[in-house]
Structures are given as C-alpha cells and as structure tokens.
Amino acid sequence: MVQKDKDQIWTVGDPIGDNYIASHSAAERRKNGSVYTPLHIVEMMISDAKSNIDPDIVVDCGCGSGRFALAAARAFPNAVIYAVDSSSLACEMCAENVRRNHLDKNIKILNLNFMDFELPPGRGKTLWIGNPPYVRHHEITKEEKNRLKQTAERLGVSASALSGLHVHFIAHIAELWQKGDYAELLTSAEWLDIGYGSFVRKLLTEKLPIEKIQLFDRKMQVFAGTNSTAIAFAFSDFDREAVDVVAPNGDLRLVNLRELRSSDRWFPLLDSSKIDRRNRGRELVPLGSMVSVHRGVVTGNNNFWVRPDRDLGDVPEELTVPIVSRAKEIMGGCEAQNHPEALKKLIVLPDNLESLPEPLRTAAARILEDGLTKGVDWGYIARSRRAWWSIKPPKAPAVMMTYMSRSGPTFVKNDKSLPMLNTIHGLYPKVKLSEHALSNLTEYLNLNVNSADGRVYCGGLVKYEPREVEAIMVPPLEVLEG
C-alpha cells in the first residue's frame, strides 16, 4: 500500500477513499463537501510544507479518508497529527487507513465540527493543511453564518453570509493562529474574484500574508465530479513584499503584494496569460467605467413562477410579464428580440395583495394557495423574502449576455426592453449611451470577448461573473459614439 521513492515523500494509496468516491455520486458528496484530493497534489503540498516548517503539530482540516494526515505522519514522524472531520463515516475511513498503515501513535482522529476544534496552550509550531470542504452557503445554517461573522469581527475583517464552508475553515484557522504557524490549503479558486472572497483576500494581504499560490490548468478536474477550478496556496505570518505564483506549467513569477491588496479581482493579476490582454492598448477602458453588470431575477422556483402561456391556466395576463428565461433565447436567431411573444411569462404579485383590484385579487389568492400546497413558500429564496411570493423583475438592461458557455458569450442589444432571469446577465449604462454607441459596443463585445475573459472550469466550461465582465477592456465612449 505504501511505496517510497528516495526523492519523494512517502506516497500513501487510498483504496478506501477511492471506493467511497466510486460508490457515492457527486451530488451526494457535494452536500457535505466530500471531494477528495488527488494523491499527487497531496504529496506536492506536503513536500512544499516540509521545506517551510518543521511542525510540532499538523492539523488535517477536514480529513476525509485521511490522505493528508497519513502523508503528514510519514513526512513529520515526530509531530502529532490531528485529523478533524464532522463526518463520522469519514472518520471511520480515516481510522481504518491509519490502522492499515500502523500510524495509530502519530494520528489522533477527532469527529467534530472544525469550528469547534481547539489546540492546547503551548502547542508549538502548527502546520494547517488540507482541502477544506466546499459547501455552498445555502447548505450552511444561520447559526454557523453568524458564527463566521463573529469570528471575522474579532479578526477585524468583515465576512459575508454568502461565504462557502471553506471560508469558515480559513477564518477559524486565522483565529487559532499563533506565531510560527504555517498553512497550506487547497480550495476552489472562486474566492480570488467574487464578492464573498473579499474576506479571504483581505485576511491574506493584511493579517496572514499569502506566500505562494499554485495555479492548476483550469480545464483539469482537480475535484472529482465537480467543475470547480482549484488553487493551492500557502500563508504564514512573515512579512513579505511579493507572492510566488506558480503557473500550471511550473513557471514561477512574483506578484507584488500591494497589487493584490488593492485589487478586488486577483485572477487577472495571477494568470500571466491575461497580462498582455489586460494592458493591451491605452485606447481601451474597462467596460465597468460605462456600464454595471447584474444578474437577472432569482425566483427560487422557476417551475412555479415561470410558465409558458399554455401552463398559465386561469392566471390573468395582468399578473404576468414576458421574461428571458434561458440563454438560448438570446443566441442564434435571438428568439427574445425577434419573437418575444414566444417567451415564457413570470408571475408577478405585489407584497400587498389588497392593493389589487378584483378579480385580480381573487386570482392572486388562488396562485398563493397553489404555491402553499406545493411547498413553494418553503424554498430557501422564498423564505428570504419579506413576502415569499413577491418577485420583482429587474429593470430591463440595455444589453443582455449569456454567462456560461464553452466558447465566448453572446451579447444582444435589448431593443424589446425585456427583463431576464438569473440565467442571463444584464448590462446597465452608467453614462449616457446613444443607440448607435450601444450597437457598436454590442458588436465589439461579440467580436472580441472570449474564454480568456472569463473563468474556465474543468472540461472547458467558461463562466463570466459580473465583475469579470466589467473588467473587460472596450473602446472609450467617444470611439463608440463615432
């Protein structure tokens, strides 16, 4: 089970973890973040950590079947290894791996919420390592979200309730941190650029400076069964001016920490393939200087609130609005602009149903009764609204765009002034743009925006977050108006 190369750290096979992954679907494992790290990445991270710290304690943050814990026990035979996981099944798998590898004296397995994990005083130098579970905020309890906010406040950095579980782990590590510690973590890369990631970005530039970032090929499936792009990164408490950025091909370059500190989007600064495109031509300006980019409306239950005419039944037309609900409606023949009558309708009810005249009020009551029967009011989004049935369609954007594809996005001038669901992004002018300028802008975006401007997930799927779209470089206003 264990093989050793004289130039490598011990590499420990994991048939137990492999069998678990094979026998549980990605959807099952995604609920609790059970996505295990490929062994060659485990070895790479342990090797990197070994060149930076000789720890007294190693903490495997979300141990799963124990891949990091076992590799750490081989690399640091004098250290105490804590393997921590909230899943009892994961702890059982880890325990069996520990037993098979005769590492019972080195590894202590703790079945508990990582945010409840504590270390004794006088613990010595600690290596924090692992692949914290990626669980979306929808699956995280309100109590845990409040706990993150309280931890962030003690650290002096604000945190968002939209943060995934891996951010909770990073916050807890920061709170338990003591001088001389070192951390090496593998996570989804999305915190580099999106809103909730500001907590991590600020933490790693002001509190515990980031030391190294390892980029992986964005088409490589690091996390089995998911499309998430991965990065490995290390941080400590030593002052530095630059961060080592390792490209997927192994090339190393330095990125000034001040640049990262002042930026709310890190990936364009880290990916050398984007540098020339980001700085190309002084005649270009960020799209965000002219427009803001926003997602469409989230209904929480499209099957109930968004229906074709044939399924509206007795829902009055006055309580509906045509809406762009699918990306393909603005692609190809652009059904949204050429045949808007074919679009589905969004049911729109006011917060105060008493404001409706009869017979609309009676019709609205029937819709709500149907929704209650079907449990629509129990959805996560519905429970977050002041009135569970109140869905406000967004103001019609000047330009609509697809934001997920395997090539470049499609941009369409919204001549029909249609609202859209969150399957579409909308571009809203911040400055006065004539119809001529909007046409020129739309044409330029369609011709010049490609996958390099978005976030490429494994398998080649490209996603464009609103802030990434705003960072796209376009001709200035006077050129578009010309």
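Position numbers for residues count from 1 along each chain, tracking the sequence in the order it is written. With pLDDT at 70 or above as the cut-off, local features in this predicted model cover only qualifying residues; side-chain atom pairs require 80 or more to be listed or tallied, and sums for whole chains, interfaces and linings still use all residues. With hydrogens and water set aside, each side-chain value is computed from the structure's full complement of heavy atoms.

## Description of the packing of helix α6 (residues 142-155) against helix α7 (residues 165-176)
Step number 1: Where α6 meets α7, the closest approach of the two axes is 10 Å, and the angle between their N-to-C directions is 40°. It follows that α6 is oblique to α7 by the angle criterion. Of the two elements, α6 crosses α7, and the hand of that crossing is left-handed. Across the interface between the two elements, E144, K145, L148, T151, R154 and L155 of α6 pack against V167, H168, A171, A174 and E175 of α7. Between N-to-C directions, angles cover 0 to 180 degrees, with each direction set by a line fitted to C-alpha atoms, over the stretch in contact for helices. Think of it this way: any DSSP run of H or I at least four residues long counts as a helix, any run of E at least two long counts as a strand, and we number them from the N terminus. Any angle that falls under 35 degrees is termed roughly parallel, while one over 145 is termed roughly antiparallel, one within 65 to 115 roughly perpendicular, and all others oblique. Note on convention: near helix rotated counterclockwise from far helix by under a right angle means a left-handed crossing. Clockwise means right-handed. In this description, contact between two residues means that some pair of their heavy atoms is separated by no more than 4.5 Å.

## Things to note about the sheet that holds strand β16 (residues 345-347)
Step number 1: A pair of strands is considered paired only if DSSP assigns at least 2 bridges between the two. Spatial strand order, β14-β16-β15: 3 strands in an open sheet with antiparallel pairing. Edge strands, defined here as strands with exactly one partner in the open sheet, are β14 (306-307) and β15 (320-322).
Step number 2: In this sheet, β16 lies alongside β15 in antiparallel orientation, the contact comprising 3 bridges. Paired with V321 across the bridge in β16 is L346.

## Remarks on the confidence of the model for the protein chain
Step number 1: With 89% of its residues at a pLDDT of at least 70, the protein chain reaches an overall mean of 87.
Step number 2: Residue-level confidence of the predictor is what pLDDT reports, using numbers from 0 through 100. Counting interchain partners and residues more than four positions distant, the pLDDT-below-50 stretch residues 275-282 has 11 contacts.

## Examining the pattern of salt bridges
Step number 1: Salt bridges, as used here, are contacts in which a Lys or Arg side-chain nitrogen is within 4 Å of a carboxyl oxygen on Asp or Glu. What the rule picks out here adds up to 23 salt bridges.
Step number 2: For E465, the salt bridge goes to R295, with nearest N and O atoms at 2.2 Å. Highlighted residues: E465 in the loop between β22 (462-463) and α17 (466-470) and R295 in strand β13 (residues 291-295), separated in sequence by 170 residues.
Step number 3: We note a salt bridge from E354 to R361, for which the minimum N-O separation is 3.8 Å.
Step number 4: Residue classification places E354 among the exposed positions, given a relative accessible area of 55%.
Step number 5: Each residue gets one of three labels from its accessible area relative to the maximum for its type: buried under 20%, exposed over 50%, partly exposed in between, using a 1.4 Å probe on protein chains only. The class for R361 is partly exposed, based on a relative accessible area of 28%.
Step number 6: Connected through salt bridges with shared partners, the residues D14, D18 and R67 form a single ionic network.

## Overview of the pairing of strand β4 (residues 80-85)
One face of the sheet, then the other: side chains in a regular strand alternate in exactly this way.
Step number 1: Most of β4 sits out of view: 5 of its 6 residues are buried.
Step number 2: In this sheet, β4 lies alongside strand β3 (residues 57-61) in parallel orientation, the contact comprising 5 bridges. Its bridge partner being in β4, I57 is matched across the sheet by V80.
Step number 3: Note that the unit made of β3, helix α4 (residues 67-75) and β4 has a crossover that is right-handed.
Step number 4: Two strands pair when backbone bridges link them, and β4 and strand β5 (residues 107-111) are joined in this way by 5 bridges, in the parallel orientation. Considered in β5, the bridge of A83 is made with I109.
Step number 5: If you view a crossover with the strands going away from you and the path from the first strand over the helix to the second runs clockwise, you call it right-handed. Crossover handedness for the path β4 to helix α5 (residues 88-100) to β5: right-handed.

## Overview of helix α14 (residues 360-373)
An α-helical segment advances 3.6 residues per turn. Residues three or four places apart therefore align on the same side.
Step number 1: Expected span, for any helix, means 1.5 Å times one less than how many residues it has. When the terminal C-alpha atoms of α14 are compared, their 20 Å separation across 14 residues agrees well with the 20 Å that a helix rising 1.5 Å per residue should span.
Step number 2: If you check which residues of α14 are buried, you get L360, A363, A364, I367, L368 and G371. Taken down its axis, α14 places every buried residue within 140° of arc, on the same side. Exposed side chains of α14 directed beyond 90 degrees from the buried face belong to E369 and T373.
Step number 3: For α14, the secondary structure elements touched by its buried residues are α12 (302-305) and β16.
Step number 4: Directly after α14, the chain includes G375, whose backbone phi takes a positive value near 75°. Note: the arc covers the axis-to-C-beta directions of the helix.

## Some details on the packing of aromatic side chains
Step number 1: Any two of the Phe, Tyr and Trp rings considered here, Trp counted by its six-membered ring, make a pair once their centres fall within 6.5 Å; the pair's planes then place it as stacked at under 30 degrees, edge-to-face at over 60, or tilted in between. Applying the stated rule across the entire model yields 12 aromatic pairs.
Step number 2: Geometrically, the ring pair formed by W388 and W389 is edge-to-face, given 5.9 Å between the ring centres and 85° between the ring planes.
Step number 3: Taking relative accessible area as the criterion, W388 reaches 13% and is therefore assigned buried.
Step number 4: A relative accessible area of 16% places W389 in the buried class.
Step number 5: One aromatic cluster in this structure is built from Y82, F114, F117, W128 and F169.
Step number 6: Lysine and arginine charges are scored as sitting over a ring when NZ or CZ, respectively, is within 6 Å of the ring centre and within 35 degrees of the ring normal. The residue whose ring lies beneath R307 is F304, and the NZ or CZ to ring-centre distance is 4.9 Å.

## Some words on the packing of helix α1 (residues 15-23) against α5
Step number 1: Where α1 contacts α5, the axes come no closer than 9 Å and their chain directions differ by 150°. Accordingly, the angle class assigned to the pair α1 and α5 is roughly antiparallel. Packed against α1, whose contacting residues are P15, I16 and Y20, the element α5 presents L89, M93, E96, N97 and R100 at the interface.
Step number 2: Residue type decides the class: Asp, Glu, Lys and Arg count as charged, Ala, Val, Leu, Ile, Met, Phe, Trp, Tyr, Cys and Pro as nonpolar, and the leftover types, Gly among them, as polar. Broken down by class, the residue content of the contact of α1 with α5 amounts to 5 nonpolar, 1 polar and 2 charged.

## Some thoughts on the environment of L477
Step number 1: Note that L477 resides in helix α18 (residues 477-481).
Step number 2: Through-space distance from the C-alpha of L477 to that of V285 is 9.0 Å; in sequence the pair is 192 residues apart.
Step number 3: Apart from the residues within four sequence positions on either side, L477 is in contact with M290, V431, K432 and L433.

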